[in-house]
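Architecture at a glance
Letter by letter, the chains look like this.
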Amino acid sequence: MHVIDFVIFILFTLGVVVFGCSFFKKGSSADEFTSAGHSIPGWVVGMSIFATYVSSISYIGYPGKAFAADWNAFVFSLSIPIASYFAAKYFVPFYRHSGSVSAYTFLEEKFGAWARLYASACYLLTQIARMGSILYLLAVPMYILMGWDMHTVIICTTVGIIVYSMMGGLKAVIWADAIQGIILIGGAVLCLIILMCSMPEGPMQTFELAAHSPMGNKFSLGAFTSDLTTSTFWVCLIYGVFINLQNYGIDQNYVQRYHAAKTDKDAKFSALFGGYLFIPVSALFFLIGSALYSYYQAGVAELPAEIAQKPDYVFPYFIVNGLPIGLRGLLIASIFAAGMSTVSTSVTSAATIILTDYVRPFFLKARKVTDHLRHHDPTDHHKHQKLELAIVRLSSFGVGILGSLVAIAMLSVESIIDAWWTLSSIFSGGMLGLFLLGCIPQTINRWAAMLGCVAGIVVIGWISLADMWSLPGPHLHPYLAIVLGTTVIFLTGFLATIAVKKT
C-alpha cells in the first residue's frame, strides 16, 4: 500500500472517530443519547438508513456474489419498496406517537413482558451476528493490502467505533452515517468506471462476457421455479419481503431513527429515501462484481487461484492491484465507511435495548422512579439520568466486544453473504410474526401468542438444522426460516385465540 493511500485511509478513519466524538455533550441524558434529541433533518436520517443497509457486507459481499455466481441476491433489494411504503404509511406514525424509543414496548403492552424480552433477545443476537460479519469484512482488505493480522484489525476497528458511539450517541452515529454514505457511493462509482473503461474492447465488453459466461448468464436473477431448497428468484424475493418488513417494522435500528427525525414528515421521507436509494446502489455493487468477472476473463490482469476461490477477496484484490495511487486509499476508506456506519448503528441500538428493555424494567424501575424524582428531588433525578447514561455507554462497550469475538469466529467462512443471511433468518425469524399478531384488530390471547412463538421457534430450528442433523422431512433453504417461522407464529396465535374463545 503506497504511503499516499495509507495517509488517506488513516486520515479518513481518524476523522470519523474525531467527528463522532465532537458530538459529546456534558450533561446529556440517556434519552438524548438514544434519540438524538429529535433534531435530525429527514435527508440526513434517510442517508443514515441507507448507510445502515449498505454495510461492508454489501460493499464486498455483493461484488463477491456477482463475481462467483449471478445477481440472484439483488432480488432482495427489489423487495424494499414494499417495506418502505408500509413504513412511511403505518410504522413511522405508530412509533413516533408510541411514547417509547424501544421498538418492543408495544409487544409488552399486547402480550406481556415475555414478548418484549423474546423479541429484544432475538434482536440482540441478530445485531451481534451482524457486527461480527461486518467487522470480518473490514479486516479482509487490510489483510490483502498490507498483510496485517486480521485479529488485530478487527480489535482496533472495534475500539474506534466504540469510542465515538459511546461519546456521541445516536446523533453522532446518524451524522457520521450520512457522510460515510456519500463517500461510499462516490468510491463505488469511480471503481466501476475504471473497471469498465479498462476493458480491451470498450465498456460494453463487460456486459457481453458476463452475459455469456460458461456458467450461464451472470446477470440472472435466479431460477423462476417452485423449488424451495435452493435460492431461486421466489425464495430470495419472499425472504427479502419478510426481512425488510421486519427491518422497517420492528428493527430498533430503524425505529430509533424514526424518533430522531425532527417531524413526522421528515421521518416518513427518511424511510422512503433510505430504502429507495439502496436499490440503485446495490445494483451498482452487483455490477462491480460482474465487471470484475469480465475484467479478469478478458485477461486485463491475472487473478491468483487462491483469491478466485474466495469471492469476498476479489474486490479488495482488485483495489490493491488495479486502482491508481490515491484512489486505492479512497476505496478502502469507502469500505470502512460502509462497515463503521453499520456497526456503530448496531452498537447504539443494542445498547438502547439493553437499557430500555432489561435495565429499566428490572433494575431501575425507571418510570415510577423518574416521575417521582422529577417532581420531588431534581438533584436525585439528575443523578438517575447520569446513571442511565453510564449504563448505556457501558452496554455499547460490551456489545462491541461481543461483535468483535463473533468476527474472529467468522474468519473461516467462505461466503459472508450466505453466512449473514442464514444467521439473520434464524435469530430474527420469530419477531415479525409476533409483531403482526399485535397489529391485527382482533385481540390475541397472550397464551396463544406464546404458543405461536414456541411453534415458530421449533419450525425455525428444524429448517436451520435439518441438513446438519439429517432430520426427516423436506430440507428447505435456510432463507425460508424467517418466512415459515413468521407464518407459523401468526397462524398458530390467531387460530389458538379463536379456539380459546369458542371453548
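One structure accompanies this document, and this report is about it. The structure presented is a predicted model; accordingly, all values stated were derived computationally and were not measured.

Within the protein one finds 22 helices and zero strands. What you see for the protein is a C-alpha radius of gyration of 23 Å, in line with the 23 Å of a compact globule of 503 residues. In terms of principal-axis extent, the alpha carbons of the protein reach across some 75 × 55 × 40 Å. Restricting the contact set of the protein to residue pairs at least 6 apart, pairs at least 24 apart contribute 85%. As presented, the protein carries roughly 19,500 Å² of accessible surface, and 69% of it is formed by carbon and sulfur atoms. Here the protein carries 27 positive and 25 negative side-chain charges, and the mean point of each set is 14 Å from the other.

Quick look at a nonpolar patch on the surface now. Judged by side-chain polarity, Val 3, Ile 4, Val 7, Ile 8, Leu 11 and Ile 325 come together as a nonpolar surface patch covering roughly 510 Å² of accessible area. Of note, Ile 8 is situated in helix α1 (residues 3-21).

For the rest of this paragraph, the subject is helix α11 (residues 233-250). Residues three or four positions apart in an α-helix share a direction because the helix packs 3.6 residues into each turn. In this model α11 runs 25 Å from its N-terminal to its C-terminal C-alpha over 18 residues, within 8% of the 26 Å that 1.5 Å per residue would give. Burial runs high along α11: 15 of the 18 residues are buried.

We now examine the pattern of salt bridges. Counting across every chain of the model gives six salt bridges. With a shortest N-O distance of 2.9 Å, Asp 264 and Arg 96 are connected by a salt bridge. Taken together, the residues span a long stretch of sequence, with Asp 264 in helix α13 (residues 264-297) and Arg 96 in helix α6 (residues 80-96) at a distance of 168 residues. A relative accessible area of 29% means that Asp 264 is categorised as partly exposed. Here Arg 116 ties to Glu 108 by a salt bridge, and the two come within 2.5 Å at their closest N and O atoms. Arg 116 gets classed as buried once you look at its relative accessible area, which sits at 5%. In this structure Glu 108 comes out as partly exposed when scored by relative accessible area, which is 27%.

Bringing the side chain of His 259 into the picture now. Note on placement: His 259 falls in helix α12 (residues 252-260). In contact with His 259, not counting residues within four places along its chain, are Ser 35, His 38, Tyr 95, Arg 96, Ser 98, Ser 100 and Val 101.

Among the nine residues of helix α20 (residues 431-439), seven are classified as buried, and the element is accordingly described as predominantly covered. All buried positions along α20 are accounted for by Met 431, Leu 432, Gly 433, Leu 434, Phe 435, Leu 437 and Gly 438.

Right, let's get into the packing of aromatic side chains. In total, this model carries 28 aromatic pairs according to the counting rule given. The structure contains a cluster of three or more aromatic residues connected by ring pairs, namely Tyr 62, Trp 71, Phe 74, Phe 207, Phe 219, Phe 278 and Phe 286. Between the NZ or CZ atom of Lys 218 and the centre of the ring of Tyr 293, over which it lies, the distance is 4.7 Å.

Moving on to the side chain of Thr 232. Looking at the secondary structure, you find Thr 232 in the loop between α10 (204-211) and α11. With residues up to four places along the chain from it excluded, the contact list for Thr 232 reads Asn 72, Ala 223, Thr 225 and Asp 227.

Moving on: the environment of Pro 214. With respect to the helices and strands, Pro 214 occurs in the loop between α10 and α11. Expressed as a C-alpha distance, the spacing of Pro 214 and Glu 302, which sit 88 residues apart in the sequence, is 18 Å.

What follows is about the state of the cysteines. In this structure the tally under the stated criterion is zero disulfides. Of all cysteine sulfurs in the structure, the one in Cys 453 sits closest to Cys 122, which takes part in no disulfide; the separation is 8.1 Å. Judged by relative accessible area, Cys 122 falls into the buried class, the value being 10%. You can see Cys 439 has no disulfide; the closest cysteine sulfur is in Cys 453, sitting 14 Å from it. For Cys 439, a relative accessible area of 43% puts it in the partly exposed group.

Topologically, Ala 350 is positioned in helix α16 (residues 327-364). Accessibility expressed as a relative area gives 1% for Ala 350, which makes it buried. In this structure the C-alpha to C-alpha distance between Ala 350 and Gly 400, which are 50 residues apart in sequence, comes to 9.5 Å. When sequence neighbours within four positions are dropped, the list of residues in contact with Ala 350 reads Tyr 123, Leu 124 and Val 399.

The next subject is the nonpolar core. In terms of nonpolar packing, the biggest core is built from 139 residues, with Tyr 248 and Tyr 258 touching the most fellow members. Excluding residues within four positions of it along the chain, Tyr 248 makes contact with Ile 49, Tyr 53, Ile 80, Ala 83, Ser 84, Ala 87, Phe 91, Tyr 254, Tyr 258, Ala 271, Gly 274 and Gly 275. Ranked by size, the runner-up nonpolar core spans eight residues in total, among them Phe 33, Leu 355, Leu 389 and Ile 391.

What follows deals with the packing of α6 against α11. α11 packs onto α6 with a crossing angle of 20° between their chain directions and a minimal axis gap of 9 Å. Between α6 and α11, the crossing angle belongs to the class labelled roughly parallel. As α6 packs across α11, the resulting crossing turns out to be right-handed. Facing Ile 80, Ile 82, Ala 83, Ser 84, Phe 86, Ala 87, Phe 91 and Tyr 95 of α6, the residues of α11 in contact are Val 241, Asn 244, Leu 245, Tyr 248, Gly 249 and Ile 250.

What follows deals with the environment of His 97. With respect to the helices, strands and loops of the structure, His 97 is situated in the loop between α6 and α7 (105-111). Among the residues examined, His 97 registers a relative accessible area of 58% and is labelled exposed. With 91 residues separating them in the primary sequence, His 97 and Phe 6 have C-alpha atoms 47 Å apart. Looking at His 97, its side chain comes within polar contact range of the side chain of Asp 264, at 3.3 Å.

What counts and how
Residues numbered from 1 in each chain as written. Predicted model: local features only at pLDDT ≥ 70, side-chain atom pairs only at ≥ 80, totals over all residues. Heavy atoms only, no water. Helix = DSSP H or I, 4+ residues; strand = E, 2+ residues; numbered from the N terminus. Rg over C-alpha atoms; globule rule 2.2 N^0.38 Å. Contact = heavy atoms within 4.5 Å. Areas by Shrake-Rupley, 256 points an atom, 1.4 Å probe, with all protein chains shown as cover. Lys, Arg positive; Asp, Glu negative; His and termini not counted. Charge placed at Lys NZ, Arg CZ, Asp CG, Glu CD. Patch = residues over 30% accessible without salt bridge, like charges linked within 9 Å, V, L, I, M, F, W, Y side chains within 5 Å. Salt bridge = Lys/Arg side-chain N within 4 Å of Asp/Glu carboxyl O. Expected span 1.5 Å × (residues − 1). Buried < 20%, exposed > 50% of the residue type's maximum accessible area, 1.4 Å probe, protein only. Phe/Tyr/Trp six-rings, centres within 6.5 Å; stacked < 30°, edge-to-face > 60°. Lys NZ or Arg CZ within 6 Å of the ring centre and 35° of its normal. Disulfide = S-S within 2.5 Å. Core = buried A, V, L, I, M, F, W, Y, C linked by side-chain atoms within 4.5 Å. Axes fitted to C-alpha atoms, helices over the stretch in contact; angles between N-to-C directions. Parallel < 35°, antiparallel > 145°, perpendicular 65-115°, else oblique. Left-handed = near helix turned anticlockwise from the far one by under 90°. Polar contact = N/O pair within 3.5 Å; in protein donor to acceptor, adjacent residues only side chain to side chain.

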